[in-house]
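Chains, contacts and geometry: an overview
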Amino acid sequence: MQKNYFIIIFFLVGLFYSNAQEFSGTIVADSIAEIQVNIVNYNNGLGTVNSKSGKFSIPAKVGDKVIFSSVKYEPYTVEITQKILEKENHQIILFLMVNELEEVNISSLTLTGDLLADANNMDLEPSLSARDLGLPVRTAPRLTVEERRLYTAASGGPVGVLIDVLSGRMEMLKRQKEYADLEQLIAKSESLVPNNFFEETLNIKPTWIDDFLYFCSQQENFKSTVNKNDAFVMIEFFQQQVTAYHKFKNESP
């Protein structure tokens, strides 16, 4: 009987070590030495950040989805395969986030090149707008980058939608939008507390602050707490989570 127990234990230990693989590589992006990219395994909730040289390493197994995101770069998702795990230095290329300029009204004023004449002829009344000309006026709220991508994928007609669904693109875009919304919420929560709060009050290492914030964001009442926009409420929430976070880190493989 004892022999069977030893066999079972040996099998479980071997299974554990066979699954404890690392997805590692280097992030290639503009100004990566000055920017920290949040790297999160969507499946097991573990997270990390890159070094100044862009290198990273995070526990992962086949089938996991690892998300790279920051304020400066567009989110990027990698679905882990055995081939990726076997490669020692996988390169992740991130692109700068493109910010749209606000809309401006173009004046109908014609300049002659003569500064005095143009100044005398300048009409200081409001310039014409699309509404004044009887043109359609945009009333819908401005979409984010992720919302525009999702809308484009969903409005490509029956054939386009079918192709996107079969290729997994729709699911990827939905995940990117969800994560972009989460990033904004996490950034807002961090802005509500003092700069040194996490290090001095909660005793969290600087390199693990982003990981702690992501852990807190997975709690049920995180969103409602942030939306109260109250620094004292936010501080109390973080203090309630820090013990559970340290326990989670100690139990993680």
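Right above here is the structure, for reference.
Owing to the predicted nature of the structure, the values given are computational and were not obtained by experimental measurement.

About the cut-offs
Residues numbered from 1 in each chain as written. Predicted model: local features only at pLDDT ≥ 70, side-chain atom pairs only at ≥ 80, totals over all residues. Heavy atoms only, no water. Helix = DSSP H or I, 4+ residues; strand = E, 2+ residues; numbered from the N terminus. Buried < 20%, exposed > 50% of the residue type's maximum accessible area, 1.4 Å probe, protein only. Contact = heavy atoms within 4.5 Å. Pairing = 2+ DSSP bridges. Axes fitted to C-alpha atoms, helices over the stretch in contact; angles between N-to-C directions. Polar contact = N/O pair within 3.5 Å; in protein donor to acceptor, adjacent residues only side chain to side chain. Patch = residues over 30% accessible without salt bridge, like charges linked within 9 Å, V, L, I, M, F, W, Y side chains within 5 Å. Areas by Shrake-Rupley, 256 points an atom, 1.4 Å probe, with all protein chains shown as cover. Salt bridge = Lys/Arg side-chain N within 4 Å of Asp/Glu carboxyl O. Phe/Tyr/Trp six-rings, centres within 6.5 Å; stacked < 30°, edge-to-face > 60°.

Here the focus is the overall build of the protein. In terms of regular secondary structure, the protein is built from 10 helices and seven strands. Of all 253 residues assigned to the protein, the portion counted as buried reaches 30%. If you take every contact in the protein between residues at least 6 apart in sequence, the share linking residues at least 24 apart comes to 60%.

On to the sheet that holds strand 6 (residues 76–79), then. Across the sheet, four strands lie side by side as 3-2-5-6; this open sheet has antiparallel pairing. Of all strands in the sheet, those bounded by a partner on one side alone are strand 3 (47–49) and strand 6. Taken pair by pair, the neighbouring strands of this sheet meet at an average axis angle of 20°, ignoring direction. Bridge analysis of strand 2 (residues 38–41) against strand 5 (residues 65–69) gives four bridges, and the strand direction is antiparallel. Paired with Asn38 across the two strands is Ser69, which belongs to strand 5.

Here we come to the sheet that holds strand 7 (residues 90–93). The strand order 4-1-7 describes an open sheet built from three strands, whose pairing is mixed. Across the chains shown, the open sheet's two edge strands, defined by having one partner strand only, are strand 4 (55–60) and strand 7. Adjacent strand axes in the sheet meet at a mean angle of 40° when their direction is disregarded. By the bridge criterion, four bridges tie strand 1 (residues 21–28) to strand 7 in an arrangement that is parallel. For Val28, the partnering residue across the bridge sits in strand 7 and is Ile93.

The next point concerns the side chain of Thr225. The topology assignment puts Thr225 in helix 9 (residues 222–227). Here the side chain of Thr225 touches Asn221 through a polar contact of 2.6 Å, landing on its backbone oxygen. If sequence neighbours within four positions are ignored, Thr225 has contacts with Val233, Met234 and Phe237.

The subject of this paragraph is a nonpolar patch on the surface. A cluster of nonpolar side chains, Val28, Ile93 and Phe95, forms an exposed patch at the surface whose accessible area comes to about 280 Å². Inspection of the secondary structure assignment puts Val28 in strand 1. The exposure class assigned to Val28 is partly exposed, which follows from its relative accessible area of 35%.

Glancing now at the packing of aromatic side chains. Under the counting rule described, the total for this entry stands at 13 aromatic pairs. Ring geometry for Phe197 and Phe198: centres 5.4 Å apart, planes at 70°, overall edge-to-face. As far as burial versus exposure is concerned, Phe197 and Phe198 are alike and both buried. With 5.9 Å between their ring centres and 50° between their planes, Phe222 and Phe237 make a pair best called tilted. Remark: Phe237 occurs in helix 10 (residues 231–251) and Phe222 occurs in helix 9; sequence separation between them is 15 residues. Overall, the relative accessible area of 1% leaves Phe222 in the buried class. We classify Phe237 as buried; its relative accessible area is 2%.

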